[in-house]
Every structure is written in C-alpha cells, then in structure tokens.
Amino acid sequence: MSDARFDKDAGIWTIAMRSAWYVFGIADDGAAIRHVHWGPAIGDSAAAGLAAYGDGANGLRQPSPGEHKRLWGMDAPDEYVPWGGLRYEEPSLKAEFADGTRNTECRYAGQRITREGDAVTVEVDLADARYGLTISLCYRAHDGFDVLERWVRVRNDGVAPVTLAQALSANWPLPRQDQDWQVRYLHGGWSAETQLTEAALPLGKFTLESRRGLTSLNYNPWFAAHAGASEDAGQVWSGALAWSGSWKLVFETTAAGPHAGKRTHVTGGWNDFDWSLRLAPGEETTTPVFAGLYSDAGFGGASREWHAWQRAHVLPRTEPRPVLYNSWEATSFAVTEAGQTRLAELAARIGAELFVVDDGWFKGRHNDQAGLGDWTVDPAKFPDGLQSLIARVRLLGMKFGLWVEPEMVNADSDLYRAHPDWVYHFRDRTRSERRNQLVLNLARDDVADWLYQTLHGLLGTYDIDFIKWDFNRPISEPGWPDAVGDNPERVWTQHVRNLYAIIDRLRDAHPAVEFEGCSSGGGRVDLGILSRVEQVWTSDNTDAWDRLAIQEGFSQAYPALAMMAWVTDSPNPLTSRELPLSFRFHSAMAGSLGVGGDLASWSEAELDEAAALVAAYKQVRRTVQLGTQYRLTPARGKLTAWQYLLGDEVVVLGWWAPRHYGEIPPPVRLTGLDPAQRYQTTDGTIYHGAALMNGGLRLVDEPAGADGHNGLYGFGSRMIRLSAVR
Ligand code: DGJ
C-alpha cells in the first residue's frame, strides 16, 4: 500500500510507494520547498539525515527540529521552481502581476494528505501572500505501483488578474552522481514514429518539445534517464506527460561549482512558447499530470511498470480489444456501400469483430481536397445513409466503427464557407494549409459546442460502436482575432482542454462507444489522450518489419493493449517490402490486432490462413494485451523476440530477417517463469521452466524448406504459446 506522511517537526514529506520512495521538505524557514530523494526505499532516519545534511554523512544522529531548519539546504534543489529571488535554473512557473511585478515570493502555506480509494494524495501549498496567488504542488500514488503523478494547481485569490507566462507540471531533480546521465527518448516522423534513441545529457540544457499544438510525430513526451542501466537491470528514472498539445521537457545540468558539483533536473509540462494564461480574480488552473517512475529493474522493468499502471489507472477500459478491420488501405477515398459491404463480408470471414469505415464516407469527400467539416453521410456513396451497411455489419456479427477528423476543415466545405473565422488565423495573414486543411479554433466555445453537437448527433443517428478520431496536421498561425486583448495566447492549452472536454462529454453521453486516437499515424500518443481512448493508431507505416522498431519504441512507454497494429498487403503499399502473411500477422499480434489489407485481393488460401491466424490470436490476446511484456532481444537484430506472461500463460513472438551463411539464431532465454514449473506448447512439447529460462526456447529451427515460416533465406517469424502444466 502506498503511504504518504508528513513529519511536522522535520518538515519532511515521504511518499512510500510499492518499492520506491519520494522525499521532500520545507527549508529556509518556509521560504523554499526542497527535494531530498527519489529512488529506492531508504527508511525514515536516512531520509531525515539526507534532508538535513544533504549527503547523509551524519545520518546516525537525528537532527533536532531547530537544527534541521538551520542545516537544510545549500545543496538541496528546489522541488518546484517559481521564478523569483536567486533562482537561475529553468523555472517551473513564472507569474506576472497587474502592477508590473514579474517575480513571485512564495512561502510554505499548508498541506493536506488525503486517501481516496487506492490512492494517496499530497498537496502542498505555496503562497505569494502579497498578490493572493497560491501554487499547490500535488502528488498522487496508487497502491501497488511506483508511479508518482505530479501536477500543480495555481489559484488567483487576489483582486487583479495574474498572467502565467510558464506553468510546468513538475520538476524532478535527479540524484547527484559522478557519471554522466544518459537519456532515452522517442523521436520520429510520419511513418517512422517512436524510434528509441539515447543521448548523453550535456552540461547545459537538452530540450524535447512540441510546438505544434499536438503531441507530435517527432518527439513523444516520455523519457528514461539512467547512468548505465540495461534492458534487464539497473536504475531508471522515467517520466511521461499527460498532455496532447504543445509540451516541453527540459533536462538541465548545471555545473554548480567545486563544492556543490553538477546537478541535473528534468522539468516539463505545457510548452510556454507563444503561450500565456490570464487568471482573473477567483480563477484557477490545473496543469496536466507529469508522471514519474523509478525502477531498479532496467528499461524492461520500467516499461512493465508503465504498462501495468496505465492499464490500471489511465486507460478507460481494460478488457482485451476486439480484432478490428479498417478499410483505409483497401479503398482510400473510394468508399462505396457495395465496396465496404464486400470488405465487411471478408473481414467477418477471417474473424474480425469490429469493422471500421475510414476516411471518405462523408459529404464531398472524394479526395483530400474537400469535405472536412461537413460530417453528414455522402448521399452519392450511401444513398440510404449508413443504416444498411451498419445492419449488414451487425448481421455479420461485427461491431461498426467510423473515422472522423473533427478538429479540421477543408476550405472547400460548407462549414468553412459559412464560418471562415472559425479557423486559427491572424488577420490579413496567410492561412497555411497542410493536406489542404485548416485547423478549427477549438479554443472558441462556439466551435467546441458545434463540434460536440455534431458528433453527438452522428452517434445518436447511427448505431456506431467505435470512433477513430484523427488529426492530420499541426496548428499554424494560432491567431484568434476576435480575442485580441483577451489573452488569445491561451489557445495552445484551451484547444486541448476543449478537445478533452468534448471526448469526455461524448463518452458520458454514449458510454458504450469506444475510441481510437490517431494523428497521421502515431502523432497523438500520450497519457492524456490514453485516459480517453481505448487505443491509438501507432503508425501509417504498416510494413511489419519496420513496425517492429516502431513497436519496440512504443512499448517503452505504452502498453500492447493500446497499440493498434494492422496486417496489410504485400508488397507493402508504402515500403514495397514483401513479407509472408504469417510474418505480417505475427508482427501485428504483438499489440492489439487489426487487419487493414485489401481483402478483396487476397486469395482463398490467404483468407484461410488469415482466419487461422486470427483464431490463434484470439487464444493469446489476453496474455499479449494484459500480460507483462519482456523484450527478450532488441528489435531488428538477428532475431527479435518478445515474451508476454499472464498467470500460467506464456506467449513468445519472434521475427528474423533474411539470414546470411545459413546462420541459425540461438534459442532465446525466457524470463519471469516459475523454474520448477513445466510448460507445454500447443503441439504438446513440454519444457521445464528452468530450462526455458537458462537454456532457452528455439524459435528458428534448422533449415526447414520454403514454407515462409522457417524458411532459410527469407523473412521468418514464429509464435509459440506455452501453458503451465497444472
Ligand atoms: C491518417 C491516418 O493515420 C490513417 O490511418 C487514415 O485514417 C488517414 N489519415 C485518413 O485520411
């Protein structure tokens, strides 16, 4: 059980999670809150000693309360950094007051520790009494996890407006050490999302950010800092931001002189670029959660913790996902009722459970140049509306889903002709189009209300089970001419707030409807959207080999349950790579399985094989989607192998590229099994747990001919399911 306590005498808070501790306290007679410890459990007296002496050298002698306050310090970094006084590092918050004062002078002003259900929350108030500004530092830990959620609430109880020029969610000081910090992060681009990379943190600043008004394809708001960890072992400090708009993570290492030595902190939240937020008297704002996690079990341990915590406390649902069919790659914009019906029949034949019509179903949408904004069914494509297709899909035993991109508009649309002022723009400036589209100013309440009513109407009119919510271009020219003088710079955060509010309202009004988040592939993948959608579209790149690297990156931060992966055609339409059908399936089976190929062009034999593979996936999906994932080998080496474990069930997926010299990759050693237990494969072979973990499991057999499965020279793959013999 997580525990949070406040030692009044010492002025120290300790948040004891499953195995990690987080400690901070009041310093300088209340003029500062300083950080003490984030890492393994260290015990109360060591924490008190660390707080008092910085290095814990006198930890055997507990400081007296008075002595504590005197000793606090010098060395300890600020827990949160409201700009003001002698603070020169990246600030956490900058407030500007109506009389021209631009600094804050905050003092400790009270605290609360509350327990609700399985979570304990600590709130610590800092007050700038002169202006009535209160900054509450909030921390929450759920029982059974080492994830600490942090956020900040800023309240203006003064008589004049306050403008926030920066308001980050949390500041995470990393432990002092001699070695350089390394940071792992996810970068990418369209069709190459979540590429895992690593950099040594320099002296100075290293920033990851999005200024695009969305999470972005380029960087994902997640990191893992370490100084020599590996996949299986070592200390990792990781963080992830729950925000789907512009964000920043700043890693700052300051060389603080010979006595203090260098120190590193990570701070993050809303990107302050071009942003400000005015708080009227009585108003408050709450920043998004910036969650942090300490693990001593390497990168694998850290990601398993992220996965388990997100399944338990972030994702809206935790039942295994239905097998989905999506028609985008098959039909693109050429959507017709007859074509979709044919695909639905074939999708049902191979075992799909949810049939999704992608882009191209609505009025005037024959290509990407027109239609966005006019969310009514195109009568040329569906003369009787969507009802008859939906009825057919249901008769085939599937649920029905529909694609929308509601925050966008084409200039060639009835909506834009009626409301040209509804898009972001600066007066008399170019309105830059991308993919021929403009972004609706969702910060406007009238636009947000229209959008809610439009989707609410669609869900009310048709029997829709699933919405794929896309967002295919970043924001540019973020102007709001009607709000000039009334803090139009708030659009960066208000857009996302209204987006979240709309999805929340839709979910309330239509509780059975499920959602997929999408942004040109994986451009909107973060803890904020994941608390509102069942799954996300991982990438428009459906090449099953490329996908392994994308999925390896995704899995660092996010669980397989939420990772939508389609099997598409070969050669792949994007990369032209040819891969066996089984390989394509096995790659997509590492997440939430979907099929996105043009089934009408698949042979009878391929459809039969697909049906068998879908049936096999249904046997293992609980384990894949809800189990613990072990990345046994790095992606796209000689053999990529991932293992999933849930109770008595084990699933191992392996993939390999064409091999050289007939070389056969060695067996892979499984992990997390009961060594004394015996495990049986579906073909009846029995292995000892200890043998699987020490000798390994052979995924690639001796040369076995050209069955596209264990073929010697081609791409090959294998799925092995084992169950404990009870
Ligand atoms: C981008 C998405 O990532 C694709 O899956 C597809 O929905 C297209 N948009 C449709 O325009």
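Draft legend 1. Structural view of the site of the ligand. Close to the ligand lie 13 residues; D358, D359, K468, D470 and D540 are nearest. A distance of 3.3 Å is found between a nitrogen atom of the ligand and a side-chain nitrogen or oxygen belonging to N472. The fraction of the free accessible surface of the ligand (290 Å²) that becomes covered by protein chains is 98%. Along the lines of polarity and charge, the residues of the shell around the ligand split into four nonpolar, three polar and six charged.

Draft legend 2. Summary view of the packing of aromatic side chains. All chains considered together, the criterion is met by 36 aromatic pairs. In this arrangement the basic side chain of R130 is found over the ring face of Y131, its NZ or CZ atom lying 4.4 Å from the centre. The ring centre of F299 lies 3.7 Å from the NZ or CZ of R184, which sits over that ring.

Draft legend 3. Molecular detail of the nonpolar core. Formed by 186 residues in total, the largest nonpolar core has its most connected members in I15, F355, W361, W469, F585 and L599. Among the nonpolar cores identified, the runner-up in size contains 19 residues, and L639, L645, L692 and I720 belong to it.

Draft legend 4. Structural context of the sheet that holds strand β36 (residues 716-724). On the basis of which strands lie adjacent, the open sheet formed by six strands has the order β31-β32-β33-β36-β34-β35 and antiparallel pairing. Looking at strand neighbours, the two that pair on one side only are β31 (628-631) and β35 (686-688), the edges of this open sheet. Strand-to-strand twist of the sheet, defined as the mean angle between neighbouring strand axes without regard to direction, takes the value 25°. Relative to β35, strand β34 (residues 678-681) is paired through three bridges, and the arrangement is antiparallel. Paired with R678 across the strands is H688, a residue of β35.

Draft legend 5. The pairing of strand β1 (residues 3-7), seen in detail. Bridging between β1 and strand β2 (residues 12-16) involves five bridges; their strand directions are antiparallel. Residue pairing for β2: D3 is matched across the bridge by A16. The antiparallel hairpin formed by β1 and β2 contains four residues in its connecting segment, where G11 sits at a positive phi of about 70°.

Draft legend 6. Looking closely at the environment of P420. Residue placement: P420 occurs in the loop between α8 (414-418) and β25 (437-439). Considered as a pair, P420 and L440 are 20 residues apart in the sequence and their alpha carbons are 9.6 Å apart. Non-local contacts of P420, meaning those with residues more than four positions away in its chain, are made with H425 and R431.

Draft legend 7. Layout of the pairing of strand β8 (residues 133-142). Where burial is concerned, most of β8 is hidden: nine out of the ten residues are buried. Judged from the ten bridges that link them, strand β7 (residues 119-128) and β8 form a sheet pairing that is antiparallel. For A127, the partnering residue across the bridge sits in β8 and is T134. The turn joining β7 and β8, which pair antiparallel and follow one another in sequence, is formed by four residues; a positive phi near 70° is taken by G132.

Draft legend 8. Representation of the sheet that holds strand β4 (residues 32-40) in the model. Spatially, four strands are ordered β1-β2-β3-β4 in an open sheet, and the strand pairing comes out antiparallel. Of all the strands in the sheet, the pair left with one neighbour each is β1 and β4. Direction aside, neighbouring strands of the sheet carry axes that sit 15° apart on average.

Draft legend 9. Fine view of the packing of helix α12 (residues 544-557) against helix α13 (residues 581-588). Contact geometry for α12 and α13: axes closest at 9 Å, N-to-C directions at 15°. Classified by the angle between their axes, α12 and α13 sit roughly parallel to one another. The element α12 and its partner α13 pack so that their crossing is left-handed. Here A544, W545, R547, L548 and Q551 of α12 come into contact with α13, specifically with F583, R584 and S587. Its residues assigned to classes, the contact of α12 with α13 comprises four nonpolar, two polar and two charged.

Draft legend 10. The arrangement of helix α4 (residues 298-313) in detail. Helix length check: α4, at 16 residues, gives a terminal C-alpha distance of 22 Å against a target of 22 Å (1.5 Å per residue), a fit within 8%. Burial analysis of α4 places 13 of its 16 residues in the buried class, the great majority of the element.

Draft legend 11. Geometry of unusual backbone geometry. For the bond from S570 to P571, the omega torsion is 0°, close enough to zero to count as cis. With respect to the element layout, P571 can be found in the loop between β29 (563-567) and α13. The phi angle at E477 is positive, at roughly 40°, despite the residue not being glycine. Positive phi, close to 60°, is recorded for N487, a residue that is not glycine.

Cut-offs and rules
Residues numbered from 1 in each chain as written. Predicted model: local features only at pLDDT ≥ 70, side-chain atom pairs only at ≥ 80, totals over all residues. Heavy atoms only, no water. Near = heavy atom within 4 Å. Polar contact = N/O pair within 3.5 Å; in protein donor to acceptor, adjacent residues only side chain to side chain. Areas by Shrake-Rupley, 256 points an atom, 1.4 Å probe, with all protein chains shown as cover. Nonpolar A, V, L, I, M, F, W, Y, C, P; charged D, E, K, R; others polar. Phe/Tyr/Trp six-rings, centres within 6.5 Å; stacked < 30°, edge-to-face > 60°. Lys NZ or Arg CZ within 6 Å of the ring centre and 35° of its normal. Core = buried A, V, L, I, M, F, W, Y, C linked by side-chain atoms within 4.5 Å. Buried < 20%, exposed > 50% of the residue type's maximum accessible area, 1.4 Å probe, protein only. Pairing = 2+ DSSP bridges. Helix = DSSP H or I, 4+ residues; strand = E, 2+ residues; numbered from the N terminus. Axes fitted to C-alpha atoms, helices over the stretch in contact; angles between N-to-C directions. Contact = heavy atoms within 4.5 Å. Parallel < 35°, antiparallel > 145°, perpendicular 65-115°, else oblique. Left-handed = near helix turned anticlockwise from the far one by under 90°. Expected span 1.5 Å × (residues − 1).

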